[in-house]
Amino acid sequence: MSHVTGLRCRECGREYPIEPLNVCDFCFGPLEVSYDYDAIAHVISRESIAKGPLTMWRYEDLLPVDGANAVDIATGFTPLIKAKNLGRVLGLDNLYIKNDSVNPSYSFKDRVVSVAATKALEFGFDTLACASTGNLAGAVAAHGAKAGMKVFVFIPADLEEGKIIGTAIYGAKLVAAKGSYDDVNRLCSELADTYRWAFVNINMRPYYSEGSKTLGYEVAEQLGWRAPDHAIVPAASGSLFTKIWKGLKELSDLGLIGQAHTKMHLIQAQGCSPIVEAYRQNSLHVRPIKPNTIAKSLAIGNPADGFYALKTLKATGGRAEAVPEEEVIEGIKLLAETEGVFTEAAGGVTVAGLRQLANLGVIEKNEVTVAYITGNGLKTQEIVRHVANPLIIEPNMESFEAAFMAAGGPRS
Amino acid sequence: MGNVLIRIPTPLRRLTNSQDKVTIECSNLIECVNVLDTRFPGFKERLCDETGELRHFVNIYLNGEDVRFLQGLDTATKAGDEVSIVPAVAGG
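Everything in this summary refers to the structure shown in the same document. Just so we're clear, the structure is a prediction, and the values are computed from it rather than from any experiment.

Applying the stated criterion to the full structure yields 13 aromatic pairs over all chains. Ring centres of Phe123(A) and Tyr207(A) lie 5.6 Å apart, and the angle between their planes is 70°; this geometry places the pair in the edge-to-face category. In this pair, Phe123(A) is assigned in helix 4 (residues 109–123) and Tyr207(A) in helix 8 (residues 205–208), connecting sequence segments 84 residues apart. Judged by relative accessible area, which is 21%, Phe123(A) ranks as partly exposed. Ring centres 4.4 Å apart and planes at 15° place the aromatic pair Phe152(A) and Trp197(A) in the stacked group. Remark: Trp197(A) occurs in the loop between helix 7 (181–192) and strand 9 (198–199) and Phe152(A) occurs in strand 7 (residues 150–156); sequence separation between them is 45 residues. Under the relative-accessibility criterion, Phe152(A) is labelled partly exposed at 24%. Assessed through its relative accessible area of 15%, Trp197(A) is described here as buried. The cationic tip of Arg186(A) hangs over the ring face of Tyr61(B); the distance from NZ or CZ to the ring centre is 5.3 Å.

Here it is as structure tokens:
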């Protein structure tokens, strides 16, 4: 059962009932879910969590919905891999990869949507909708299918083909708008005022965004109930980044882990780095930009949670880094070649940022460091198509040996 | 000076007697906000902070373009323009 007491404006503190609302009527500040933490502390323990399912729903007590009716396609509890090979390259002895690219629709967005779809059903909606840079689209379509809901997904028209097909296959109605994600998002906010649909990232947002906290919980549990020393997180709107920190803080406040001292590091690609820019200017306010980046899943020029991401950076002593566009593909390749994990451009951004932080000496050799890999490389294969150069041969020994020797033989 | 169509988001419709569109006459966005405030008292306070700056979680679009890419509230308007007031939303 849920321990939510209501909604509260993060800016002016005004309180609202548990309804499909996302914005404060008075100051336009974002609304956030309030919990009865005393009640949670009475029911939750490491043991109660360990008895739960091997999905994100093992943390049901800390989510703003009734888990008994969860729209559940087994999202979460994804692998935390000790990254010895990548660690050797970077000079880090305690590096881990949180591989969230193996969720049911192959990105971390399944976490937020699982919560949002559950809440949408609780509110009695029959249609699930979103504006998406791609990953959210697939997650909404998959969970909508499972929930038996109608699904409308709004995307920028230039999205990668893998993400379009990976959404349409679930029977979702796709609307491709000729514009950027920020344009699509603006359109959807206006639609949400007119249509009685559950827009997961608009009127469901206070509930939706809480799903990302499970990426904090899981990592702490998988590390043996402790917070990492460093977390490396890619950022678009900045919501994931702030919610991972919220998750770690909650565990710490509930006494399930020791003091959370994690330095939260935020990474963007240079072609879309408005949060990093504000960090460099030592400002808490993000100036919107027009994105031009290979990392389309991070291409949000007007990041709604930029302000809170910047506050989290300050509170935790983390750094914000922008990585050169050309290093994104190198990051994807480095992770694949060292750890056997094929990520999309956002993961390439994370790995390139991790390398940048390691080179700067920000991370001590033995500190526990977790890099969050949030999306799957199979969705954006076109950006790395150049790596495939097979030896073309006749199907016989001679032809193989000739081609093999020509390519450098056993030494290649 | 010319007639400009303003799209009113849900949180502000309580002030506009539930109207979702309002047409007003103005020549720039500051004037637009002031005219709206005269017609619907309290309107300006919702959009702007004490210093008259746009609140951080409010986005204003002129014909689909974020006014922060234009001249902010100093941006000029002309007859037939459309102004949208949109709260910031999460992504992605």
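This brings us to the nonpolar core. With 59 residues, the main nonpolar core has Val233(A), Ile244(A), Leu248(A), Leu251(A), Met264(A), Leu266(A) and Tyr372(A) as its most contacted residues. Within the second largest apolar cluster, 45 residues are counted, among which are Phe154(A), Ala236(A), Val341(A) and Ala358(A).

Estimates place the volume of the largest pocket at around 710 Å³. Along the walls of the largest pocket sit 34 residues, with Ser189(A), Glu190(A), Ala192(A), Asp193(A) and Thr10(B) positioned nearest its centre. Going through the elements one at a time, helix 7 of chain A together with strand 5 (82–87) of chain B are the ones with two or more residues in the lining of the largest pocket. Tallying contributions element by element places strand 5 of chain B first for the lining of the largest pocket, with 5 residues. Here the lining of the largest pocket is built from residues that sort into 15 nonpolar, 8 polar and 11 charged.

Next up on the list: the pairing of strand 13 (residues 369–373) of chain A. All names here are of chain A. In terms of burial, strand 13 is largely enclosed, as 5 of its 5 residues are buried. Of the two faces of strand 13, the one carrying Thr369, Ala371 and Ile373 and the one carrying Val370 and Tyr372 are both buried. Bridge count between strand 5 (residues 95–99) and strand 13: 5 bridges; the pairing is parallel. Bridge pairing in strand 13 places tyrosine 96 opposite valine 370. Pairing analysis gives 3 bridges linking strand 10 (residues 230–234) to strand 13, with the strands arranged parallel. Along strand 13, the bridge assignment pairs isoleucine 232 with alanine 371.

Let us look at the environment of Met1(B). Residues and elements named next belong to chain B. Here methionine 1 shows up in the segment before strand 1 (2–7). With 27 residues separating them along the chain, methionine 1 and asparagine 28 place their C-alpha atoms 8.3 Å apart. Not counting chain neighbours up to four residues away, the residues in contact with methionine 1 comprise Glu25, Cys26, Ser27 and Glu31.

Before going further, it helps to examine helix 7 of chain A. Spanning 12 residues, helix 7 of chain A covers 16 Å between terminal C-alpha atoms, matching the ideal 16 Å at 1.5 Å per step. Counting buried positions along helix 7 of chain A gives 9 out of 12 residues, so the element sits mostly inside the fold. Taken together, the buried residues of helix 7 of chain A touch strand 6 (127–131), strand 7, strand 8 (173–177) and strand 9 of chain A together with strand 3 (58–62) and strand 5 of chain B.

Turning to the side chain of Thr262(A), a few remarks are in order. Residue and element names in this part refer to chain A. With respect to the helices and strands, the residue threonine 262 is situated in the loop between helix 10 (239–253) and strand 11 (263–269). Given a relative accessible area of 1%, threonine 262 falls into the buried group. From its side chain, threonine 262 meets the backbone oxygen of proline 228 in a polar contact 2.7 Å long. The contacts of threonine 262, once residues within four sequence positions are left out, are Ala227, Pro228, Asp229, His230, Ala231, Trp245, Leu248 and Thr316.

Next up on the list: empty space enclosed by the protein. Under the defined criterion, the tally for this structure stands at 5 cavities of 30 Å³ or more. Approximately 230 Å³ is the volume attributed to the largest cavity. If you go around the largest cavity, you meet 23 residues; those closest to its centre are Phe108(A), Lys109(A), Ala236(A), Ser297(A) and Leu298(A). At the level of secondary structure, the elements contributing two or more residues to the lining of the largest cavity comprise helix 4 and helix 10 of chain A. Looking at which element gives the most residues to the lining of the largest cavity, the answer is helix 10 of chain A, with 3 residues. Class assignment for the residues of the lining of the largest cavity results in 11 nonpolar, 10 polar and 2 charged. Estimated volume of the second largest cavity: approximately 100 Å³. Around the second largest cavity sit 13 residues that line it, and Asn185(A), Asn302(A), Asn59(B), Tyr61(B) and Val89(B) are the ones nearest its centre. Among the elements that make up the lining of the second largest cavity, the one with the highest residue count is helix 7 of chain A (5 residues). Along the lines of polarity and charge, the residues of the lining of the second largest cavity split into 7 nonpolar, 4 polar and 2 charged.

Once that is clear, we can look at the sheet that holds strand 4 (residues 80–82) of chain A. Residue and element names in this part refer to chain A. Strand order across the open sheet formed by 6 strands is 4-5-13-10-11-12, with mixed pairing between neighbours. Each edge of the open sheet carries a strand with a single partner, namely strand 4 and strand 12 (320–323). When the angles between neighbouring strand axes are averaged without regard to direction, this sheet yields 25°. Here strand 11 runs beside strand 12; their pairing, made up of 4 bridges, is parallel. Opposite glutamine 268, over in strand 12, you have alanine 322 as the bridge partner.

Parameters and conventions
Every chain is numbered independently, its residues counted from 1 as its sequence is written. By the order in which they are written, chains take letters starting at A while ligands take numbers starting at 1. Per-residue local features are limited, in this predicted model, to residues with pLDDT of at least 70; the limit for side-chain atom pairs, both in listing and counting, is 80 or more; totals at the level of whole chains, interfaces and linings are taken over all residues. In computing side-chain properties, one takes all heavy atoms of the structure into account and sets aside hydrogens as well as water. Centres within 6.5 Å make a pair out of two Phe, Tyr or Trp rings, where for Trp the six-membered ring is used; the pair is then stacked when the planes are under 30 degrees apart, edge-to-face when over 60, and tilted otherwise. The numbering of helices and of strands both runs from the N terminus, where a helix is a DSSP run of H or I of at least 4 residues and a strand a run of E of at least 2. Three labels apply to residues, based on accessible area from a 1.4 Å probe with only protein chains included: buried if under 20% of the type maximum, exposed if over 50%, partly exposed otherwise in between. A ring is considered to have a charge above it if a Lys NZ or an Arg CZ atom is located within 6 Å of its centre and within 35 degrees of its normal. The definition of a nonpolar core used throughout is a set of buried Ala, Val, Leu, Ile, Met, Phe, Trp, Tyr and Cys residues joined through side-chain atoms within 4.5 Å. Only protein atoms enter the 1 Å grid used here. Points where a 1.4 Å probe fits but cannot escape make up a cavity, open sets with protein on both sides within 12 Å along at least five of seven lines make up a pocket, and a residue lines them when an atom lies within 4 Å of a point. Grid points are joined across faces, edges and corners, and a volume is the space filled by probe spheres set on the points. Ten residues, namely Ala, Val, Leu, Ile, Met, Phe, Trp, Tyr, Cys and Pro, are considered nonpolar, four, namely Asp, Glu, Lys and Arg, are considered charged, and the remaining ones, Gly among them, are considered polar. Pairing between strands is defined by DSSP: at least two bridges between them are needed. Contacts are assigned to residue pairs with any non-hydrogen atoms lying within 4.5 Å of each other. In this scheme, a helix's expected span is set at 1.5 Å multiplied by one less than its residue total. We define a polar contact as two N or O atoms separated by no more than 3.5 Å, with the added condition that, inside protein, one atom must be a possible hydrogen donor and the other a possible acceptor, whereas residues neighbouring each other in sequence contribute only through side-chain atom pairs. In this description, a line fitted to the C-alpha atoms serves as the axis of each element, helices being fitted only across the stretch in contact, and the angle between N-to-C directions of two axes falls anywhere from 0 to 180 degrees.

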